[in-house]
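# Inside the fold
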Amino acid sequence: MLQVLFFGRLREELGCERLELPASEALSDLDRLQASLAREHGERWQAALAAPNIIRALNQQMVQGNAAISDGDEIAFFPPVTGG
Amino acid sequence: MLQVLFFGRLREELGCERLELPASEALSDLDRLQASLAREHGERWQAALAAPNIIRALNQQMVQGNAAISDGDEIAFFPPVTGG
Amino acid sequence: MRAVLEVNIQEADFDLRVLQASLLQGRAEEGGVATFTGYVRVNNDDRGVQSLYLEHYPGMTERSILAILEESAERWPLFAARVVHRVGRLQPGEQIVWVGASSAHREAAFAACEFIMDYLKTRAPFWKKEQGPQGEHWVDARESDETRAQRWQGQQ
Amino acid sequence: MRAVLEVNIQEADFDLRVLQASLLQGRAEEGGVATFTGYVRVNNDDRGVQSLYLEHYPGMTERSILAILEESAERWPLFAARVVHRVGRLQPGEQIVWVGASSAHREAAFAACEFIMDYLKTRAPFWKKEQGPQGEHWVDARESDETRAQRWQGQQ
């Protein structure tokens, strides 16, 4: 399974904090996962996941660009951070 | 009168913390005062006041180079500072 | 000598004196401790902030800050470095974040402390939401924070 | 808005929490407080320092540090800046000096704090004398301190 997490404004826009999805060939990298999430859950998800500044983390590390994902991975999507 | 103060290692070398001198034409600037002090108080003063890194303050402000002094002024001689 | 690094993510407030003492551990030498403390904006602008909610990503938060501390200890000769960051609901004027670094060289302590804050602002997964009389809204990231973080890259 | 500036020269130890609170005075905004604390070297090198004596030039000390604080407040947008410096006899590990600066911009707080320390090290009339098993000696000024102070000149 893939654990998919959402935080901050994006979590609110999606109305979703956490998803579990079966790992599959169709979800083999971050770009494919994000496109699938945008496609499968209606207009709100499509709009929110199209934001240009979404940050992605794979197994709790920020990723620049795309990256392969596999069964057991934890993937997070979130807006730019504002701590400190 | 001129108030002349010494601090730190220089104070110890001279064995003197404070001097009062009558203002005079012969002590009209910092260079002349320092030369006079070196000349009038024996070898120890001459050696100690010849140190190249002595800092001078006039009325509690550090002075770079020479400066005129006049009656009522407070002059201090001291080694490089080591606070903080 | 390995630097002592510590990260605390907590709802509770923190005590500056206790934190600072934890950076010394009997190893104070010439030099010292540099710190930075961030506070919740007070209710003095037109938005009238009444409270702040800090969301974070448990697990990644601790990991990402520890990675920042490790990088700071590679760049500068530190005795210790520590970050305490609060989460949950905070009131105006309250302490949010504390960063401290100790070193025999004060320039190392200052640089590490500023580096840690700059990276924390752009690399650690926290999100601020402000509550005011007109409702609540998410705080936007500031470009200046990203610019400040980037100036450390390619620099030793 | 004029920055609140304060200098304390004292034999007594100081309380970090009280000092930090004095920099805020109900005006904390986004940004925060940067501080630096210097300590007496501990007895861990071959010279074996047992105690330290801090001599100063009463009157000029306060004046020169206030001038440094005023210059820092001209260079950066500060709410407040403060220096506490101890004099007299101190034991290894004790706090000697505390510098704090508060600002809405953390980079201003950091820069002011470091500027004040660099200038203090080279412009304020203090002299350290160490006491150890081989007797006592005056601490020599370090060239690196003068170099660090000079880098602020001609820089805004």
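Everything here concerns the structure above.
Figured I'd write up the structure that's included with this text.

On to the overall build of chain A. When you go through chain A residue by residue, the secondary structure sums to 3 helices and 5 strands. If you list the helices and strands of chain A from N to C, you get β-α-β-α-α-β-β-β. Against the compact-globule benchmark of 12 Å for 84 residues, chain A has a radius of gyration of 12 Å, which places it among compact chains. In terms of overall dimensions, chain A has C-alpha extents of about 35 × 30 × 20 Å along its principal axes. Every one of the 84 residues in chain A was classed for burial, and the buried ones make up 50%. Taking the contacts inside chain A whose residues are at least 6 apart along the sequence as the reference set, 51% of them involve residues at least 24 apart.

Counting secondary structure elements, chain C contains 4 helices and 8 strands. From first element to last, N terminus to C terminus, chain C shows the α and β order β-α-β-β-α-β-β-β-α-β-β-α. For 156 residues, the compact-globule formula gives about 15 Å, and the C-alpha radius of gyration of chain C, at 16 Å, lands near that figure. Seen along its three principal axes, the alpha-carbon backbone of chain C occupies a region of about 50 × 35 × 30 Å. Taken as a whole, chain C presents about 6,300 Å² of accessible surface, with 47% of it coming from carbon and sulfur. Positive and negative charge centroids in chain C, built from 18 and 23 side chains respectively, lie 1 Å apart.

Expressed as a screw operation, the relation of chain C to chain D combines 0.0 Å of axial shift with a rotation of 180°, fitting to an RMSD of 0.0 Å. Here the two chains are linked by the operation of a two-fold rotation axis. Closest approach to the rotation axis within chain C is made by the C-alpha atom of Thr35 of chain C, at a distance of 2.6 Å. Comparing contact sets, 100% of the residues at the interface of chain C also lie at the interface in chain D, consistent with an isologous, same-surface contact.

Each turn of an α-helix holds 3.6 residues, which means side chains three or four residues apart point in the same direction. In this model helix 3 (residues 106–123) of chain C runs 25 Å from its N-terminal to its C-terminal C-alpha over 18 residues, within 8% of the 26 Å that 1.5 Å per residue would give. For helix 3 of chain C, the tally of buried residues reaches 17 of 18 residues, placing the bulk of the element in the interior.

Listed per partner, the contact involves 33 residues of chain C and 33 residues of chain D. Roughly 3,300 Å² of surface becomes buried between chain C and chain D when both sides are summed, with 51% attributable to carbon and sulfur atoms. Inspection of the region where chain C meets chain D yields 7 salt bridges. Across the salt bridge formed by Arg148 of chain D and Glu107 of chain C, the nearest N and O atoms sit 4.0 Å from each other. Remark: the boundary between chain C and chain D carries 13 residue pairs in polar contact (both at pLDDT 80 or more). Pairing of strand 2 (residues 32–39) of chain C with strand 2 (residues 32–39) of chain D, which is carried by 7 bridges, proceeds in the antiparallel orientation. By the bridge assignment, Thr37 of chain C is partnered in strand 2 of chain D with Val33 of chain D.

Take the sheet that holds strand 1 (residues 4–10) of chain D next. On the basis of which strands lie adjacent, the open sheet formed by 8 strands has the order 1(C)-4(C)-6(C)-2(C)-2(D)-6(D)-4(D)-1(D) and mixed pairing. Taken across any chain shown, the strands that pair with only one partner, and hence form the sheet edges, are strand 1 (4–10) of chain C together with strand 1 of chain D. This sheet shows a mean twist of 5° between the axes of neighbouring strands, independent of strand direction. In the sheet, strand 1 of chain C pairs with strand 4 (residues 80–86) of chain C via 7 bridges, with the strands oriented parallel.

Now for the arrangement of the chains. By contact count, the dominant pairing among the 3 pairs of chains in contact is that of chains C and D. The two units chain B and chain C remain apart, with a minimum C-alpha distance of 9 Å. Nothing in chain A touches chain D; the tightest C-alpha to C-alpha distance between them is still 9 Å.

Thresholds, definitions, all that
- Residues numbered from 1 in each chain as written.
- Chains lettered and ligands numbered in written order.
- Predicted model: local features only at pLDDT ≥ 70, side-chain atom pairs only at ≥ 80, totals over all residues.
- Heavy atoms only, no water.
- Helix = DSSP H or I, 4+ residues; strand = E, 2+ residues; numbered from the N terminus.
- Rg over C-alpha atoms; globule rule 2.2 N^0.38 Å.
- Buried < 20%, exposed > 50% of the residue type's maximum accessible area, 1.4 Å probe, protein only.
- Contact = heavy atoms within 4.5 Å.
- Areas by Shrake-Rupley, 256 points an atom, 1.4 Å probe, with all protein chains shown as cover.
- Lys, Arg positive; Asp, Glu negative; His and termini not counted.
- Charge placed at Lys NZ, Arg CZ, Asp CG, Glu CD.
- Least-squares fit on C-alpha atoms with pLDDT ≥ 70 in both.
- Expected span 1.5 Å × (residues − 1).
- Buried area = accessible area lost by both parts, 1.4 Å probe.
- Salt bridge = Lys/Arg side-chain N within 4 Å of Asp/Glu carboxyl O.
- Polar contact = N/O pair within 3.5 Å; in protein donor to acceptor, adjacent residues only side chain to side chain.
- Pairing = 2+ DSSP bridges.
- Axes fitted to C-alpha atoms, helices over the stretch in contact; angles between N-to-C directions.

By themselves, these figures tell us nothing about what the structure is for.
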